[in-house]
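# Working through the structure, step by step
Here are the chains, one letter per residue:
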Amino acid sequence: MQRERAETIFEKSKPGRRAATLPAAGVPESPLAELIPVRLLRAEPPRLPEIAEPEIVRHYNRLSRRNFDLDSGFYPLGSCTMKHNPRLNERVAALPGHARLHPAQDPRRAQGALELMWLLQGSLAEICGLPHVSLQPSAGSHGELAGLLLTRAYHADRGERRTKVLAPDTSHGTNPASVTMAGYEVVKVATNERGGVEMDDLRTQIDADPEQVACLMLTNPNTLGLFDENIAEIARLIHAAGGTLYYDGANLNAVMGHSRPGDMGFDIVHVNLHKSFSQPHGGGGPGAGPIAVSDRIEPYLPRPQVVRREGGNGHGPSYDLDHERPKSIGRLRGFQGNFGVFVRSYAYILSLGADGLAEASETAVLNANYLKARLAAGRAGERLPVAFDRHCMHEFVLSGKPMKRELGLTTLDLAKRLLDFGFHPPTVYFPLLVEEALMVEPTETETKESLDAFADAVEQILAEAEEDAEVAKSAPYTTPVRRLDEVRATRRPVVRQAL
Amino acid sequence: MTRYTSATPADRAQMLAAIGVSDPAELFEQIPAPLRLGRPLQLPDGLSEAEVCERLAALAERNADAEDQVCFLGAGMYDHYVPAIVDAITSRSEFLTPYTPYQPEISQGGLQVMFEFQTAMSELTALPVSNAGLYEGPSSVASAGYLAIGATGRRRFVVSRGLHPHSRETLVTYSRGYGAEVVEVGLEGGLTDAAALAAAVDGETAAVFLQSPNFLGAVEDVEALGAVAKRHGALLVVACDPITLGILKPPGECGADIALGEGQPLGNRLDFGGPSFGFFCATEAQIRRMPGRIAGETEDVDGRRGFVLALQTREQHIRREKATNNICTAQALNALAAMVHLAWLGRAGFRELGELLARRTAYARRRLAAVEGIEPLHEAPVVREFAVRLAAPVDAVLERCAERGIAAGYPLGRDYPEHGDGLLVAITERRSREQIDALAEALGAAIAAEREGVAA
């Protein structure tokens, strides 16, 4: 990777340089002050960089070489599903008919786009086992907020006001954050010794005040990578109390074509198109978080909704945007959603088909269990034991507690040393209930050779630490920068270039 | 094997042996039998790459895009020219395929881009703090509402009717969740009614929301309108179109506490509405209440300059139910596109683009107003979009223009029933004088034909 001293594009600016040439106005060049009152005008233009095109390209190319990315190597970041991003999807998303289609185009002249959305909705409905889909939410957390607002609207329509949302202590941080934002109170539910929901605790929490239970948010398989065998009973209890059951779809990659959230009893599901359906993560967005819901939740779905109208008199079906949804929770964002993401994910579903999706999940589960077994057979078996020792689904969680106690090496140290071996580390310190947690999700698109190489690297790091723990404690060494002072960045934040 | 997986039968056999099972189905036995699907998904079989390409191209063909039609549609997203280097840089694997930069030592490229983007947006808005990006415009408005509740302890928003209809509706949706009342103030002559606004704001107001240029294209006097927010201790939230900030007085110089907006005009394609990004800038006082990712500068153990995600204690993965927002997406790739576009425009080019838009828009407004059956909907100053009234049914006129290959604009009637005869026309640097003349001619002919009752 590129290791020179960081210099921002603003520091490379020199007065008088430029890249853009604009077309001539071709209309009268009246002074601006004749068009807009002076008091509304800006005195000095913003201090954007002054730099010519060759140096812009060179600057960002160099910056790119200071990033590790999925196309460079193994990226087993738990709960993030770092699967291959097919370039075919980029090609079809860039077709002018998609990329240059204005969102306010008359639906009669955007039939292809609306049909694509309709087809994607149908595919997601079948995969989730729930009949109705809204593609509008922009991300998983946005889908969660949507689900909670749907729950509120559903209860309000029945004349009920409920205040509590239950979530396991293993849940993603977005779950409780969404709960607060939606105006509910979070109630934590404990985890049992098999990694699932502690049923007695769940019953206690519900029985405390069943009429206040609005919803239970669950990831299944959960963030430990384990399928909760009690899900049918959980659903029965929540429904008996009058609540809704929400499925955080972050881990859907484990069960596509094998088991469906709707069949498990969930009322509302969000799907991360940037995880299970191959939209590139972009270094932190964009993604999309469509939701699938049951019949009783459908009336409240966000506006507008894509609808299909059957044609008559020899005409084919047509598609439209339905804004007239009187019980809808309303809009969650502008226009129709992240359409470019829909194109990529629909292309992915077309590529794999029914069998391919099921095989993707099966291989993801196979890869995870194989890597878990490979690690357990080596030093990790003692130093980094799996937190819940049973077959996992698409990911598993290790605990670095013995490693820390016996070698003085924290999970963070191990993660940083992995960087020197050319791997992106797993997710660290999550879920919170596992001490020194390391959450590993290899995905189906990795080869056995990659998994072996990763297991070998962990083995080598642990062996090295038995000799000299300091090596890992001071890692990394080969990266563009070494360990960074994150505390300082929060205590005395510097969040822009001084000019 | 699908074309994206690599496990051969031999690989699988070895892997199963290592796991100690004979069939992958055993791994799925943790799913209770009644919950196993037990049948194939009812989806078509997988297709070859060539077939997928053809299938998607056939769908794309059925859309009238900005290459098929001359596009005067705006209403928040615009057909700007995206320079070639944006595509070249954003399609690099190193930017396209990583996750959020949780491991800063191997994410310096992405983190530095965020830091540069924050600097650029801070310069544009003249506010000291910018985050690294939010989903898009309207949900950013709703996030500002959540921030304002936290900052003031109050739960009422006063919102100009000039704020984008999608932003107003999104704010109402979110407000039903976090618990807030939304009070709307109307427009007079295309601009926010100053007297009504002053009357609506009081000591219970958490925030005042303005947009400039507003949805009808009119440049608001934000400084004058916003003073009432200050007097009552409410936050002033200003939604703006970033492309106009080369020439318009920035929100930070008009008393705004928060400036935000839809980022699509900066380097992002239309994509039928997304993905794009929302930007969100604020005063120092709000830094610990900001939503979303923020990159910050720091040093490594060797004293080398580096960047990290700063102020993470605001965020959901640390603070859980006490987080300042639930968002974890920064739309990083879209923000990169914006940064490259802004660097390409540069200090001079950014201003020149604003001037170009203002001049062509002024020309278009005059040119259309000279057409029989068209008159301005308001006389307020505009930069890149303006509203007119048509003396014939808008939908029918639009249909006639579409048949001549022109998307003539956005009909205002759906969002503003009081302007059922209104049309919003947007101008970009791609809309030449000749195209504007053609629009005027097409609108004139369509209106005349409608008034004469000529069959389309």
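Residues numbered from 1 in each chain as written. Chains lettered and ligands numbered in written order. Predicted model: local features only at pLDDT ≥ 70, side-chain atom pairs only at ≥ 80, totals over all residues.

### Describing the overall build of chain B
Quick note on the threshold: The helix count covers DSSP runs of H or I at least four residues long, the strand count covers runs of E at least two residues long, and both are numbered beginning at the N terminus. With C-beta atoms placed from the backbone, the exposure class of a residue follows from how many other C-beta atoms lie within 10 Å of its own: 20 or more, buried; 12 or fewer, exposed; in between, partly exposed. Residues are defined as contacting one another if the C-beta atoms placed from their backbone atoms lie within 7 Å.
Secondary structure summary: chain B contains 13 helices and 17 strands in total. In terms of its C-alpha atoms, chain B occupies a principal-axis envelope of roughly 80 × 55 × 50 Å. Per-residue burial for chain B yields a buried fraction of 64% across its 456 residues. A sequence separation of at least 24 residues applies to 73% of the contacts in chain B between residues at least 6 apart.

### Some points on the overall build of chain A
From N to C terminus, chain A includes 17 helices and 12 strands. Taking the principal axes of its C-alpha atoms as reference, chain A extends roughly 80 × 60 × 45 Å. Within the span of chain A, comprising 499 residues, buried residues form 60% of the whole. Considering only contacts within chain A whose residues lie at least 6 apart along the sequence, 73% involve residues at least 24 apart.

### Regarding the sheet that holds strand E17 (residues 422-426) of chain B
Residue and element names in this part refer to chain B. Applied cut-off: In this analysis, strands are considered paired if DSSP registers two or more bridges between them. Think of each axis as a best-fit line through the C-alpha atoms, taken over the contacting stretch in the case of a helix, with angles from 0 to 180 degrees between the N-to-C directions.
A sheet is described by the order of its strands in space; here 4 strands give the open sequence E13-E14-E17-E16, paired in antiparallel fashion. Both edges of this open sheet fall to strand E13 (374-376) and strand E16 (410-411), since each of them pairs with a single strand only. Contacting E13, strand E14 (385-390) and E17, helix H11 (residues 332-369) crosses the sheet at an angle of about 135 degrees to E13.

### Thoughts on the sheet that holds strand E7 (residues 205-212) of chain B
Across a sheet, paired strands are connected by hydrogen bonds in the backbone, their directions being either parallel or antiparallel. All names here are of chain B. In space, the 7 strands of this open sheet follow the order E2-E10-E9-E8-E7-E3-E4, with mixed pairing throughout. A single partner strand is all that each edge strand has here, and the edge strands are strand E2 (129-130) and strand E4 (181-185). With 5 bridges connecting them, strand E9 (residues 258-262) and strand E10 (residues 278-282) associate as antiparallel partners. Each bridged residue has a counterpart across the sheet, and for Glu262 the counterpart in E10 is Gly278.

### Concerning the domain arrangement of chain A
To keep things clear, this is the line we draw: Residue ranges assigned to each domain were obtained from an automatic or database domain assignment.
Partitioning chain A into domains gives domain 1 (1-66), domain 2 (88-348) and domain 3 (355-473). Domain 1 of chain A and domain 3 of chain A are separated by 45 Å when their C-alpha centres are compared.

### Describing the domain arrangement of chain B
Residue and element names in this part refer to chain B. We count it as follows: Just so you know the grouping, Ala, Val, Leu, Ile, Met, Phe, Trp, Tyr, Cys and Pro go in nonpolar, Asp, Glu, Lys and Arg go in charged, and all remaining residues, Gly too, go in polar.
Assigned domains of chain B: these are domain 1 (70-81 + 351-452) and domain 2 (84-340). Placing the centre of domain 1 and that of domain 2 at their C-alpha centroids yields a distance of 29 Å. Counting residues per element, the ones that place at least two in the side of domain 1 that touches domain 2 are H11 and E14. Broken down by class, the residue content of the side of domain 1 that touches domain 2 amounts to 12 nonpolar, 4 polar and 7 charged.

### Structural notes on the packing of helix H12 (residues 394-403) of chain B against helix H13 (residues 433-452) of chain B
All names here are of chain B. Worth spelling out the cut-off: By definition in this entry, angles of less than 35 degrees are roughly parallel, angles greater than 145 are roughly antiparallel, angles of 65 to 115 are roughly perpendicular, and the rest are oblique. Here a crossing is called left-handed whenever its near helix is offset anticlockwise from the far helix by less than a right angle, and right-handed whenever the offset is clockwise.
For the pair H12 and H13, interaxial distance at closest approach is 9 Å and the crossing angle is 125 degrees. Comparing the axis directions of H12 and H13 gives the class oblique. Crossing of H12 over H13 shows right-handed handedness. On H13, the residues touching Ala396, Val397, Arg400 and Cys401 of H12 are Ala442, Leu443, Ala446, Ile447, Ala449 and Glu450.

### Let's talk about the packing of helix H11 (residues 339-377) of chain A against helix H1 (residues 9-19) of chain B
Two numbers describe how H11(A) lies on H1(B): the axes approach to 8 Å, and their chain directions differ by 55 degrees. Between H11(A) and H1(B), the angle is such that the two are oblique. H11(A) and H1(B) meet at a crossing whose hand is left-handed. On H1(B), the residues that touch Leu366(A), Asn369(A), Tyr370(A), Ala373(A) and Arg374(A) of H11(A) are Arg12(B), Met15(B), Ala18(B) and Ile19(B).

### Side note on H13(B)
Residues and elements named next belong to chain B. Put simply, the rule reads: Expected helix span is given by 1.5 Å per residue-to-residue step, counting one fewer step than there are residues. Here, the arc refers to the directions that run from the helix axis to the C-beta atoms.
Over its 20 residues, H13 extends 28 Å from the first C-alpha to the last, a length consistent with the 28 Å expected when each residue adds 1.5 Å. Among all positions of H13, only Ile436, Leu439, Ala442, Leu443, Ala446, Ile447 and Glu450 are buried. Angularly, the buried residues of H13 cover 130 degrees about the axis, an arc narrow enough to put them on a single face. Within H13, the exposed residues directed more than 90 degrees away from the buried face are Glu434 and Glu452. Summarising the contacts, the buried residues of H13 are in contact with H11, E13, E14, H12 and strand E15 (406-407). Immediately beyond the C-terminal end of H13, within one or two residues, lies Gly453, with a positive phi of roughly 70 degrees.

### Quick word on the interface of chain A and chain B
Taken together, the contact pairs 173 residues of chain A with 173 residues of chain B. Tallied by class, the residues present in the side of chain A that touches chain B amount to 87 nonpolar, 49 polar and 37 charged.

### Some points on the confidence of the model for chain B
As a reminder of what qualifies: Every residue is assigned a pLDDT by the predictor, reflecting its confidence on a scale from 0 to 100.
Residues at a pLDDT of 70 or more form 99% of chain B, whose mean pLDDT is 97. Under the prediction, the complex receives an ipTM of 0.98, its pTM being 0.98.

### Here's the deal with the pairing of strand E8 (residues 235-240) of chain B
Residue and element names in this part refer to chain B. Test applied: The crossover handedness rule: strands pointing away from the viewer, path from first strand over the helix to second strand clockwise, crossover right-handed.
In terms of residue burial, E8 counts as a mostly covered element, since 6 of its 6 residues are buried. Of the two faces of E8, the one lined by Leu235, Val237 and Ala239 and the one lined by Leu236, Val238 and Cys240 are each fully buried. For E7 and E8, the ladder comprises 6 bridges, and the chain directions are parallel. Paired with Phe209 across the two strands is Val237, which belongs to E8. Assessed by its sense of winding, the connection that carries the chain from E7 through helix H9 (residues 222-231) to E8 is right-handed. Where E8 and E9 come together, 3 bridges link them in parallel fashion. Looking across to E9, one finds that Val237 is bridged to Ile258.

### Quick look at H11(B)
Residues and elements named next belong to chain B. Going by this rule: The seven residues ending at a residue and the seven starting there each receive a fitted axis; the angle between those axes is the bend at that residue.
With 38 residues, H11 should reach 56 Å at 1.5 Å per residue; the first-to-last C-alpha distance of 42 Å falls well below that figure. Most pronounced at Gly346, the bend in H11 amounts to some 95 degrees. Most of H11 is tucked away, with 32 of its 38 residues classed as buried.

### Re the environment of Ala182(A)
Structurally, Ala182(A) can be placed in the loop between helix H7 (174-181) and strand E3 (185-189). Residues Ala182(A) and Leu145(A) lie 37 residues apart in sequence; the distance between their C-alpha atoms is 6.3 Å. Filtering out sequence-adjacent residues up to four positions away, Ala182(A) remains in contact with Leu145(A), Leu148(A), Leu149(A), Arg152(A) and Gly177(B).

### Description of unusual backbone geometry
In the segment running from Arg303(A) into Pro304(A), the intervening peptide bond is cis, with an omega of -15 degrees. Mapped onto the elements, Pro304(A) comes out in the loop between strand E7 (291-293) and strand E8 (305-309). Here the phi dihedral of Ser278(A) falls at roughly 70 degrees; this positive angle occurs in a residue that is not glycine. The topology assignment puts Ser278(A) in the loop between strand E6 (268-271) and E7. The backbone of Phe272(B) shows a phi angle near 55 degrees, a positive value even though the residue is not glycine.

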